[in-house]
Amino acid sequence: MKKSVVALLVVLLAMSSVFASGAKESSKEADNVTLRVSWWGGDSRHTPTLQAMDAYSKKNPNVKLEGEYGGWDGYYQKLVTQVAGGTAADIIQIDQPWLNELCSKGDVFAEISATDFDLTQFDADFLKNYCTYNGKLMGLPSGTNVNTFIVDTKLLSDSGIDPNTVWTWENIISEGKKIHQKDPSKYFSSATPDILRFWFEVYIAQLAGEVVGNNKRVAFTEEQGTMAFTYFKRWFDEGIVAPFSQTSLFYQKFQENPDWIKGNTASAWDWVSSMGKDIGTKQNIETRQFPVMAGAKNSGVLMRPSQILVVNNNSKNKKEAIKFLNYMFYDNEGIITLGTSRGIPSTVIGRKSLAEKGLISKMEEKATNEGTLQAGNPQSVWQMNSEVIQTMQDVIDEFGFGKLTPQQASAKMIQSLNATLASL
Amino acid sequence: MIGKKHSASKIVSYIFLILLAYIMVYPLLWMVGAAFKTNEEIFTTLSLFPKKPVFGAFSAGWKGSGQYGFNTFMLNTFLLVVPTVLFTVVSSTLIGYGFARFDFPLKKLFFVIMLSTMMLPATVIIIPRYIFFKNLGWLDTYLPFIVPALLGCFPFFNFMMVQFFRSLPLELDESAKLDGCNSFTILVRILLPLCKAAMFSVVVFQFVWTWNDFMNALVYISSVAKYPVALGLRMTMDISTEFAWNQIMAMSLVSILPPIILFFAAQKYFVEGISTTGMKN
Amino acid sequence: MQLGKKKYAYAGYLYILPWILGFLILQLYPLISSFWYSFTDFQLLGSAKFVGLKNYKTIFLADKNFLQSLKVTMYYVLIAVPCKIAFALAIAVILNQKIRSINLFRTLYYIPSILGGSVAISVLWKYLFMNQGTVNNLLAVVGIPPHDWLGDPVLALGTISLVTVWQFGSSMLLFLAGLKQIPECLYEAARIDGAGKVRIFWKITIPELSPIVLFNLVMQMINAFQDFTPAFVITQGGPLKSTYLYGLMLYNQGFKFFKMGYASALSWILFFIILLFTSLTFKSSESWVHYGDTL
């Protein structure tokens, strides 16, 4: 009995020592500043960013930069947890749709327009459309990202289709169906269910301007919805796209579908920023303009920042954070070191410096220019809301699996969107 | 006749075991092959063997991305896992023994509460736990893993030890008591030697689970210098920029070696029959 | 100190003290918080506003996904848990024999449980079960036409369950540990009585192992109800929500849609469902579990 008491006391002592050791505070020095910078990415982003941070610290010995970097998986969840706990980094890389989601919950980020950061090198509309919340500039676009339509010219010509075809909604079907007719294992489009949703949004944007407006209302009519679904039903019926039962497991990862990698599908809807990864080692890939219907209200082609860099509103060193951002965007050394690790720079000076050094790939440049020319209006914050997106996706899934006719799908889409919007 | 029948059934057993082993190990073999393939080949061929093997995935992967490599991540993982495992074994043994062999007021209630803490999905606990650990100053340390182990906050293991203790006959305790043992010496001298297999199950499970734990590591550890392998493995995986799958495969293989070695080493404790001395069944 | 029926042995408190402290210090606060959140509109950031029973009302009256996820999860639990346990038990019994290189087999069978959530593996499943995948190629040899194992709403849940059953290693290990604790003398006595292998299995092995069977059953059930990893990494809940496990749904509500209050309410509903099933299992165990300490 005595021994057991002793043993338990030992355990208790061990515990209390652990508690005590956890309570110690990190010491801070008066002049020296530590800035935490968090981002997600791969090797091609980690290395240049760390180099730029090193170079900056050498020039500014009082500033210590700590990178908190990792992969994409879980980044957002961690960020949200940190924001909830008040422990997020000083400078944070976020995805564009998160800006509104996070800002709507509180004063999470510092207002950039309240600082002396030089904004003249940015396109004012670009900042206004994508980086503001309630009219206040909350972040800086790290780069420009646009939609692109890429085609496999070899598969097209092998199937008897002119590889230089200018694509329209109609000839996607009339020409595109030749591929599946010639070889039943091949298709014109690589669209997975999520990509078909993007196509649907493009089609509706051209018909009606947008899916959901900034007024929180569904912007298209049931007839317009039926038109769109009737059109996309032909994609399935005429073999433009593989059935959902084969593509749904590559949801959000069409580039991992062997059919795409092996060249069994001839085209893809993509973002320029991920184009390089999605093309991989594939040959004969070229970018094309998106189809636009006559009298389109909006091309539906999206342009947005590849990421947004924000300053934590809780940061004790906002001034220093802004200084480092200044280095990233304006210092020649910073620009060159970072290169296109966050997309093609969104500043004039950034693009110019990189182009002079030949650091922007020809294909990315062409795709960005084409996309920028064709780009339509920005999507409303409600259309980018993750619950709205999920609602659209659910109806698209049911439609794609043949559970809904075009009329039913249109009616259900409007009804479900209204219900979701009402709950937000 | 009997001998023949016996060997025939053994052969059938073997064939079954080998076929099953193939299914069990197929993913591992595939990973080994994939560590020598290009991204394109990983995603387009189903063959286990690379057509044109590419080398260097192991060394490149080990070097890691950015400032820290897998030598750091591996070391960190041991620093995190070893104390967690040791404390879990101690606490779950004591707690299991307490529930299994003693009768005290509110025991049933305590037991129900203990099990029920496992029934609430972790998703909704993450934020309050995070804020709690932040207030204690434990963020970016391994304490959010180690202290719960010390305080028996893994009801899985507590309950497991309860079940193993309870399957041992009570006469063991009673005869030991006649020999003058107290409750603690009964545990240490009589029961624990009989529960080796169970204790090593605790070691193996907790080791593997903590080793692979991505979610908690993600939330609690921020400094790359403190990343365990679960985070290190994913730190180059991006949605938009290309990454080398073969390095991920290679490092996944390297990172499962310690758990496999541990398991293989702990094997003999599952093989040894228990001594039946002191049993009067 | 008598371990008799009526007399209490207060030393037990000392042994379970670590857990009591752990519960009070580490676990109670998050539990209470999440219970409180379930009556608020907590959105992860900012403050939580009390909304009464609104979340619960919405779940029961308006949320289409709630019933669908509950149904899917029930199927998942009913398929995966019994299959996993039966399989683990069968293999453990086979591996408990004196077979050459048994150590190797044991390790090989445990490997899936180590690989479990590995990022590398999630990719593989798609390639095994996709339309032109390995499984269909193998089935073609025996003349079975190809199926979309993960793309067909009827089949996907079964395929996901298979992945869960594949990781039977932990349960197997516990059965093995339990088998080792069965005194050899019991078997000998039965053999002397002339009992055959099958009879020995049902009359000795199963009763002696029943505490471990109960443990595996309860634990696998508790885990399976909350499980979402396979659905999260392989199917993302699709096709047509056929693998939209409850755990995945509430994760999405919490961390994708920021409705942590709502997710908390969903969690507490699941909590009581699991509690109900666990209690029933324990209740039934009185008739089939045989403990060494209750003679």
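Note that the structure is a prediction, hence the values are computed from the model and not measured. (Residues numbered from 1 in each chain as written. Chains lettered and ligands numbered in written order. Predicted model: local features only at pLDDT ≥ 70, side-chain atom pairs only at ≥ 80, totals over all residues. Heavy atoms only, no water.)

J.: What is the right way to read the overall build of chain C from this model?
T.: Looking only at helices and strands, chain C has 13 helices and 0 strands in total. In chain C, the succession of helices and strands from N to C terminus is α-α-α-α-α-α-α-α-α-α-α-α-α. The C-alpha extent of chain C, read off along each of the three principal axes, is 70 × 65 × 30 Å. Sorting the 295 residues of chain C into buried and exposed places 58% on the buried side. Taking as baseline every contact in chain C between residues at least 6 positions apart, the subset at least 24 positions apart corresponds to 68%. A total accessible area of about 12,400 Å² is found for chain C, and carbon and sulfur atoms account for 67% of it. Taken as two groups, the 22 positive and 11 negative side-chain charges of chain C have centres that lie 4 Å from each other. (Helix = DSSP H or I, 4+ residues; strand = E, 2+ residues; numbered from the N terminus. Buried < 20%, exposed > 50% of the residue type's maximum accessible area, 1.4 Å probe, protein only. Contact = heavy atoms within 4.5 Å. Areas by Shrake-Rupley, 256 points an atom, 1.4 Å probe, with all protein chains shown as cover. Lys, Arg positive; Asp, Glu negative; His and termini not counted. Charge placed at Lys NZ, Arg CZ, Asp CG, Glu CD.)

J.: For this particular structure, what's the right way to read the interface of chain B and chain C?
T.: Interface extent is often summarised as the accessible area lost during association of the parts. Every contact between the two is made by 104 residues of chain B and, on the other side, 103 residues of chain C. It is M24, M119 and R166 of chain B that lose the most area in chain B upon contact with chain C, and together they represent 8% of the buried surface on that side. Scanning the region where chain B abuts chain C turns up 10 residue pairs in polar contact (both at pLDDT 80 or more). Element by element, the count of residues in the side of chain B that touches chain C is highest for helix α1 (residues 2-34) of chain B, at 16 residues. The residue makeup of the side of chain B that touches chain C, split by class, is 78 nonpolar, 17 polar and 9 charged. (Buried area = accessible area lost by both parts, 1.4 Å probe. Polar contact = N/O pair within 3.5 Å; in protein donor to acceptor, adjacent residues only side chain to side chain. Nonpolar A, V, L, I, M, F, W, Y, C, P; charged D, E, K, R; others polar.)

J.: Quick question: what am I supposed to make of the packing of aromatic side chains here?
T.: Ring pairs (aromatic) are described by centroid distance and by the angle formed between their planes. All names here are of chain A. Evaluation of the coordinates by the stated rule reveals 104 aromatic pairs over all chains. With a centroid separation of 5.4 Å and 65° between ring planes, the pair formed by F122 and F329 is classed as edge-to-face. Highlighted residues: F122 in the loop between α4 (96-103) and α5 (124-130) and F329 in helix α14 (residues 318-330), separated in sequence by 207 residues. Of the two residues examined, F122 and F329, each falls in the buried class. (Phe/Tyr/Trp six-rings, centres within 6.5 Å; stacked < 30°, edge-to-face > 60°.)

J.: Which parts of the structure should I look at to understand the environment of T165 of chain A?
T.: All names here are of chain A. Summarising the element assignment, T165 is placed in the loop between α6 (153-158) and α7 (169-174). Assessed through its relative accessible area of 11%, T165 is described here as buried. Between the C-alpha atom of T165 and that of E175, which follows or precedes it by 10 residues, the distance is 9.1 Å. Not counting residues within four places of it along the chain, the set of residues in contact with T165 comprises N171 and R288. One polar contact links the side chain of T165 to the main-chain carbonyl oxygen of D162, over a distance of 2.4 Å.

J.: Looking at this model, I keep getting lost on empty space enclosed by the protein. Mind explaining?
T.: Leftover empty space is mapped by rolling, across the atoms, a probe with the size of a water molecule. Taken as a whole and assessed by the stated rule, the structure comprises 11 cavities of 30 Å³ or more. Quantified by volume, the largest cavity comes out at close to 240 Å³. Contributing to the lining of the largest cavity are 19 residues, with G70, Y75 and K78 of chain A together with L218 and Y227 of chain B lying nearest its centre. Broken down by secondary-structure element, the contributors of at least two residues to the lining of the largest cavity are β1 (33-40), β2 (63-70) and α3 (75-85) of chain A together with α13 (229-234) of chain B. Sorting elements by how many residues they give to the lining of the largest cavity places α3 of chain A first, with 4 residues. Considering only enclosed or pocket space, the second largest cavity measures out at about 160 Å³ in volume. Those elements giving two or more residues to the lining of the second largest cavity turn out to be α14 and α15 (332-338) of chain A. In terms of residue class, the lining of the second largest cavity is made up of 6 nonpolar, 6 polar and 1 charged. (1 Å grid on protein atoms, 1.4 Å probe; cavity = no way out; pocket = protein on both sides within 12 Å on 5 of 7 lines; lining within 4 Å. Points joined across faces, edges and corners; volume = space filled by probe spheres on them.)

J.: Could you clarify how one ought to interpret the pairing of strand β7 (residues 144-152) of chain A in this entry?
T.: Within a regular beta strand, the side chains point alternately toward one face of the sheet and then the other, so they alternate between its two faces. All names here are of chain A. Taking burial as the measure, the 9 residues of β7 include 9 buried ones, the bulk of the element. Of the two faces of β7, the one carrying T144, V146, T148, I150 and D152 and the one carrying N145, N147, F149 and V151 are both buried. When β7 meets strand β11 (residues 303-305), the two strands line up antiparallel, connected through 3 bridges. Directly across from N145, in β11, lies its bridge partner R304. For β7 and strand β9 (residues 265-271), the ladder comprises 5 bridges, and the chain directions are antiparallel. Following the sheet pairing, I150 is matched in β9 by A268. Bridging between β7 and strand β10 (residues 285-288) involves 4 bridges; their strand directions are antiparallel. Within β10, the residue paired with F149 across the bridge is R288. (Pairing = 2+ DSSP bridges.)

J.: Please clarify how the pattern of salt bridges should be interpreted in this entry.
T.: Oppositely charged side chains can form a pair if their charged atoms are brought close together. Residues and elements named next belong to chain A. Scanning the model with the defined rule gives 22 salt bridges over all chains in all. The partner of K64 in a salt bridge is E66, with the nearest N and O atoms 3.1 Å apart. Classification of K64 as partly exposed rests on a relative accessible area of 47%. Given the relative accessible area of 29%, E66 is considered partly exposed. E238 is the partner of K177 in a salt bridge, and the nearest nitrogen-oxygen pair spans 3.4 Å. Residue K177 is found in helix α8 (residues 177-182), and its partner E238 is found in the loop between α10 (222-237) and α11 (244-247); the two are separated by 61 residues along the sequence. (Salt bridge = Lys/Arg side-chain N within 4 Å of Asp/Glu carboxyl O.)

J.: Please clarify how the interface of chain B and chain A should be interpreted in this entry.
T.: At the junction of the two partners, chain B supplies 43 residues and chain A supplies 46 residues. Summing the contributions of chain B and of chain A, the shared interface buries around 3,900 Å²; its carbon and sulfur component is 60%. In terms of surface lost to chain A, no three residues of chain B exceed F43, I239 and S240 of chain B, which account for 13% of the buried area on that side. Run the count over chain B and chain A and you get 1 salt bridge. Its salt-bridge partner being D238 of chain B, residue R45 of chain A comes within 3.9 Å of it at the nearest N-O pair.

J.: Even after reading the chapter, I still don't get the nonpolar core, so can you show me in this structure?
T.: Across soluble globular proteins, nonpolar side chains show a tendency to be buried alongside one another. Ranked by internal contacts, the top residues of the largest apolar core, which has 334 residues, are W199, F232, W235 and F324 of chain A together with Y109 of chain C. When near neighbours in sequence (up to four residues on either side) are disregarded, F232 of chain A contacts W169, L196, W199, F200, Y203 and F399 of chain A. (Core = buried A, V, L, I, M, F, W, Y, C linked by side-chain atoms within 4.5 Å.)

J.: What should I look at first to understand the side chain of N216 of chain C in this one?
T.: Relative to the elements of secondary structure, N216 of chain C occurs in helix α10 (residues 197-226). Residues in contact with N216 of chain C, not counting those within four places in the same chain, are I85, S171, L174, F175 and M221 of chain C.

J.: Even after reading the chapter, I still don't get the domain arrangement of chain B, so can you show me in this structure?
T.: All names here are of chain B. When cut into domains, chain B gives domain 1 (2-57) and domain 2 (60-276). Relative placement of domain 1 and domain 2: their C-alpha centres are 30 Å apart. On the domain 2 side, the residues contacting the 13 residues of domain 1 number 14 residues. Between domain 1 and domain 2, the buried area comes to about 980 Å², and carbon and sulfur atoms account for 70% of it. When the buried area of domain 1 at its contact with domain 2 is split by residue, M31, N39 and A57 rank highest and sum to 50% of it. (Domains from an automatic or database assignment.)

J.: Is there a simple way to think about helix α7 (residues 143-150) of chain B in this case?
T.: Residue and element names in this part refer to chain B. Most of α7 is tucked away, with 8 of its 8 residues classed as buried. Those residues of α7 not exposed but buried are L143, P144, F145, I146, V147, P148, A149 and L150. Following α7 by one or two positions, G152 has its phi on the positive side, about 60°.

J.: Teacher, can you tell me more about the environment of G239 of chain A here?
T.: All names here are of chain A. Tracing the chain through its elements places G239 in the loop between α10 and α11. Assessed through its relative accessible area of 4%, G239 is described here as buried. Those residues within four positions of G239 in sequence are excluded, and the remaining contacts are H180, Y187, F188 and R234.

J.: What is the right way to look at the state of the cysteines in this model?
T.: One covalent bond between the sulfur atoms of two cysteine residues makes up a disulfide. All names here are of chain B. With the rule as written, the count across this model stands at 0 disulfides over all chains. As a non-bridged cysteine, C195 has C181 as the owner of its nearest cysteine sulfur, 16 Å distant. Assessed through its relative accessible area of 0%, C195 is described here as buried. (Disulfide = S-S within 2.5 Å.)

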